[in-house]
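# Reading the structure
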Amino acid sequence: MGSKAVSEKFKVSPTTTASSSRSKMKLWMVRAMTSLLFWTCIVQLTTLGEVWGPRVLKGWPSCFKQESILDPKLASAVSAPPRILPPKRVYKNNGYLMVSCNGGLNQMRSGICDMVAIARYLNVTLIVPELDKTSFWADPSDFQDIFDVDNFITSLRDEVRILKDLPARLKKMVELGQVLSMAPISWSDISYYHNRILPLIQKYKVLHLNRTDARLANNGQLLEIQKLRCRVNFCGLRFTPQIEDLGRKVVKLLQKKGPFLVLHLRYEIDMLAFSGCNQGCNSEEVQELTRMRYAYPWWKEKIINSDLKRKDGLCPLTPEETALTLKALDIDPNFQIYVAAGEIYGGDRRMASLAAAYPKLVRKETLLNPSDLRFFQNHSSQMAALDYLVSLESDIFVPTYDGNMAKVVQGHRRYLGFKKTILLDRRLLVDLIDKYNAGLLSWDEFSSAVKEAHSQHMGSPGKRLVITDRPKEEDYFYANPYECLQPDEPPSSI
């Protein structure tokens, strides 16, 4: 009887069993749905961080991690997990936009950023841009030889559809020469592209823009357009792994020996021929530069007064002027100076004073073995990409001329946390240098004047100078994309 009572006490009816099973099933479903919702949120937040990156998620800037590209400490790290791609943007395609870039690496870089923004706001499909192979540098590199083309396409797919090539039926039109090709008007507002360019794309299905330099205005654009230009520049346009690996190697070699300054010494033959600046050149060199200037019909200015241009601050500083300037700014003579440039015109003769003042003068060609650079020879844009990466990582960046590399690197360094960039006032400097050389200023007076003039020219936060109806004279968007810069607090003066 006792055992039977116990058995009856613990006996479970079928109704109770079914009820218990349903309860467990409900509990399991709740847990499963909660887990699914939780991980969905995590994935979406991570995607947002990769796409644009609010600082509350990952810190600023988050879509371009400086250390993710060149930090030597990460070179041997365990490979990162697969990147979560942003969702594709779905939109009615208005047609296809082909673009041919013109100029050197950094002029093409900014042009590509503009073309992506334009394609996005016209709701068209962009074909991977064609790079310039016919300019002075004659670099045969294609887009995928310099930039990570897959990253370019996938990282921006939530904004615009980018294809490596036209669909076959439209590609045939191009081969038959049945595609309209034109150069858009320089410094145009986005409304120009809506009103003039979009109807042409809708009419012909494909449009080819054969110039990309400065085709979108610096100012007066929607905030979304400005931020997209930044996103393309800082997130979409990554260099190929081969270029980044070699850039990392150069940075590591430099950092092993302490801090370093990158000097963008724009004193190559093409710059001098184009600008007509021949300070310090002998008569044979002046004649050579003049012949070259006349040999290129698209260099419109032929008769140039070098002395007047220099006094107006329109010439790159010479190596000799640069040496005096760095010394006046109290740059430590033991500092490593990495020269980011091509072959300096005049060679060792012109570099002698700079090398005497700064014995630790190096270039990629002196840091690396010839075998490291064998694939980069005769590819000036790929060599410029190496200099670009090293320039981003330097403790100080000093350009001697405000060309495209100087401007784009300056803006990129602002984006990376307002890294020290000394922006030289060439007009003031040549006046002070001439007075010093003439004995009208002592060294202390000269140095003091140079330091005072540049105390606020260190790449710190600030707005762009806007000059209505004179866009060439105003501050370039890519030199100071302040719409994309959100420092937590103004940095202290340097």
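Heads up: these notes are all about the structure in this document.

The rules behind each value
Residues numbered from 1 in each chain as written. Predicted model: local features only at pLDDT ≥ 70, side-chain atom pairs only at ≥ 80, totals over all residues. Heavy atoms only, no water. Disulfide = S-S within 2.5 Å. Helix = DSSP H or I, 4+ residues; strand = E, 2+ residues; numbered from the N terminus. Buried < 20%, exposed > 50% of the residue type's maximum accessible area, 1.4 Å probe, protein only. Pairing = 2+ DSSP bridges. Axes fitted to C-alpha atoms, helices over the stretch in contact; angles between N-to-C directions. Parallel < 35°, antiparallel > 145°, perpendicular 65-115°, else oblique. Contact = heavy atoms within 4.5 Å. Nonpolar A, V, L, I, M, F, W, Y, C, P; charged D, E, K, R; others polar. Expected span 1.5 Å × (residues − 1). Lys, Arg positive; Asp, Glu negative; His and termini not counted. Salt bridge = Lys/Arg side-chain N within 4 Å of Asp/Glu carboxyl O. Polar contact = N/O pair within 3.5 Å; in protein donor to acceptor, adjacent residues only side chain to side chain.

Glancing now at the state of the cysteines. Applying the stated rule across the entire model yields two disulfides. Covalent S-S linkage joins C230 and C484, the inter-sulfur distance amounting to 1.9 Å. Around the S-S axis, the bridge from C230 to C484 shows a dihedral of about 90 degrees and counts as right-handed. With C230 in helix α10 (residues 223-236) and C484 in the segment after α21 (443-453), the pair connects residues that are 254 residues apart, well separated along the chain. Here the two residues C230 and C484 agree in accessibility, since each one is buried. Here C277 connects covalently by a disulfide to C315, the sulfurs 1.9 Å from one another. Between C277 and C315, the S-S torsion sits near -85 degrees, and that sign places the bridge as left-handed. Remark: C315 occurs in the loop between α14 (306-311) and α15 (319-328) and C277 occurs in the loop between α12 (269-275) and α13 (283-295); sequence separation between them is 38 residues. Across this residue pair, the class does not change: C277 and C315 are buried. Distance from the sulfur of C113, which forms no disulfide, to the nearest cysteine sulfur (C230) is 8.4 Å. We classify C113 as buried; its relative accessible area is 0%.

Let us look at the pairing of strand β5 (residues 206-209). Neither face of β5 is open: one carries V206 and H208, the other L207 and L209, and all of them are buried. Sheet topology note: the strand β1 (residues 96-99)/β5 ladder contains four bridges and is parallel. Pairing of M98 across the sheet is with H208, part of β5.

Below, the discussion takes up the packing of helix α5 (residues 105-122) against helix α18 (residues 380-393). Where α5 contacts α18, the two axes come as close as 9 Å, and the packing angle between them is 80 degrees. Classified by the angle between their axes, α5 and α18 sit roughly perpendicular to one another. Two secondary-structure elements touch here, α5 through L105, N106, M108 and R109 and α18 through S381, A384, A385 and Y388. Here the residues of the contact of α5 with α18 are counted per class, giving five nonpolar, two polar and one charged.

Looking now at the sheet that holds strand β3 (residues 162-163). A sheet is described by the order of its strands in space; here five strands give the open sequence β3-β2-β1-β5-β4, paired in parallel fashion. The open sheet terminates on both sides in strands that have one partner only, identified here as β3 and β4 (180-182). With two bridges joining them, β1 and strand β2 (residues 125-127) adopt parallel strand pairing. Bridging from a neighbouring strand, Y96 pairs with T125 of β2.

What follows concerns helix α19 (residues 404-415). With 12 residues, α19 should reach 16 Å at 1.5 Å per residue; the first-to-last C-alpha distance of 17 Å fits that figure. The buried count for α19 comes to 10 of 12 residues, which makes it a mostly enclosed element. Among the residues of α19, M405, A406, V408, V409, Q410, G411, H412, R413, R414 and Y415 are the ones counted as buried. Those residues of α19 that are buried are in contact with α5, α10, β6 (260-264), α18 and β9 (396-399). Looking one or two residues beyond α19, the residue adopting positive phi is G417, at roughly 115 degrees.

Spatially, β8-β7-β6-β9 is the arrangement adopted by the four strands of the open sheet, whose pairing is parallel. This sheet does not close on itself; its edge strands, each paired only once, are β8 (361-362) and β9. Sheet topology places β6 next to β9; four bridges connect them, and they run parallel. Bridge pairing links V262 to F397 in β9. Packing of α18 onto the sheet brings it into contact with β6, β7 (336-339) and β9, and relative to β6 it is tilted by some 135 degrees.

Next up on the list: the side chain of R109. Secondary-structure assignment places R109 in helix α5. One buried charged side chain, R109, makes no salt bridge at all; its nearest oppositely charged neighbour is E244, positioned 8.4 Å away. Within the structure, R109 has its side chain in polar contact with the backbone oxygen of L237 (distance 3.3 Å). When neighbours within four sequence positions are excluded, R109 is seen to be in contact with F147, N233, L237, F239, Y388, V408 and H412.

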